[in-house]
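Structural features, examined
Here is how the chains run, residue by residue.
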Amino acid sequence: MRIIPLRGAGVTWYKCPACRLKCRPTAVGAEGSCPRCGHAHMMRLSFGGRTTTPSSDGEKS
């Protein structure tokens, strides 16, 4: 059985700009269309999973 994370780092959702449906990548159609209204392009939403690294200016404190 495959367990899909609902929260935390690396969780990805797709949102339709036309009908505002939010769904998992497994629910999106084969060509990336919305399962509810059939809109061609879904927007990818990402929650977490990004790590922030301090920029190195060449100076050490």
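Everything numeric here is computed off the predicted structure, so don't read it as measured data. Residue indices follow the written sequence of each chain, beginning from 1 at its first position. A pLDDT threshold of at least 70 governs which residues receive local features in this predicted model, and a stricter bar of 80 or more applies before side-chain atom pairs are shown or counted, although totals over entire chains, interfaces and linings include all residues. Hydrogens and water are ignored here; the side-chain numbers use all heavy atoms of the structure.

With that settled, consider the packing of aromatic side chains. Any pair of Phe, Tyr and Trp rings, taking the six-membered ring for Trp, is counted once the centres come within 6.5 Å. Such a pair is stacked with planes under 30 degrees apart, edge-to-face with planes over 60 apart, and tilted for the rest. As enumerated under the stated definition, the model contains zero aromatic pairs in all. It is Arg24 that lies over the ring of Trp13; its NZ or CZ is 5.3 Å from the centre. Both a distance and an angle decide whether a charge sits over a ring: NZ of Lys or CZ of Arg must be within 6 Å of the ring centre and within 35 degrees of the ring normal.

The subject of this paragraph is the state of the cysteines. Disulfide assignment relies on a single distance test, namely cysteine sulfur atoms paired within 2.5 Å. Counted under the stated rule, the structure contains zero disulfides. Unpaired in terms of disulfides, Cys16 finds its nearest cysteine sulfur in Cys37, a separation of 3.6 Å. Here Cys16 falls in the buried class, since its relative accessible area comes to 0%. For Cys19, which is in no disulfide, the shortest distance to another cysteine sulfur is to Cys34 and amounts to 3.7 Å. Each residue gets one of three labels from its accessible area relative to the maximum for its type: buried under 20%, exposed over 50%, partly exposed in between, using a 1.4 Å probe on protein chains only.

Strand pairing is assigned whenever DSSP detects at least two bridges linking the two strands. Helix and strand definitions follow DSSP, with helices as H or I runs of at least four residues and strands as E runs of at least two, each counted in order from the N terminus. Relative to strand 2 (residues 22–23), strand 1 (residues 11–15) is paired through two bridges, and the arrangement is antiparallel. Its bridge partner being in strand 2, Tyr14 is matched across the sheet by Cys23. Here strand 1 hands over to strand 2 after six residues, with Arg20 in that stretch at a positive phi of 65 degrees.

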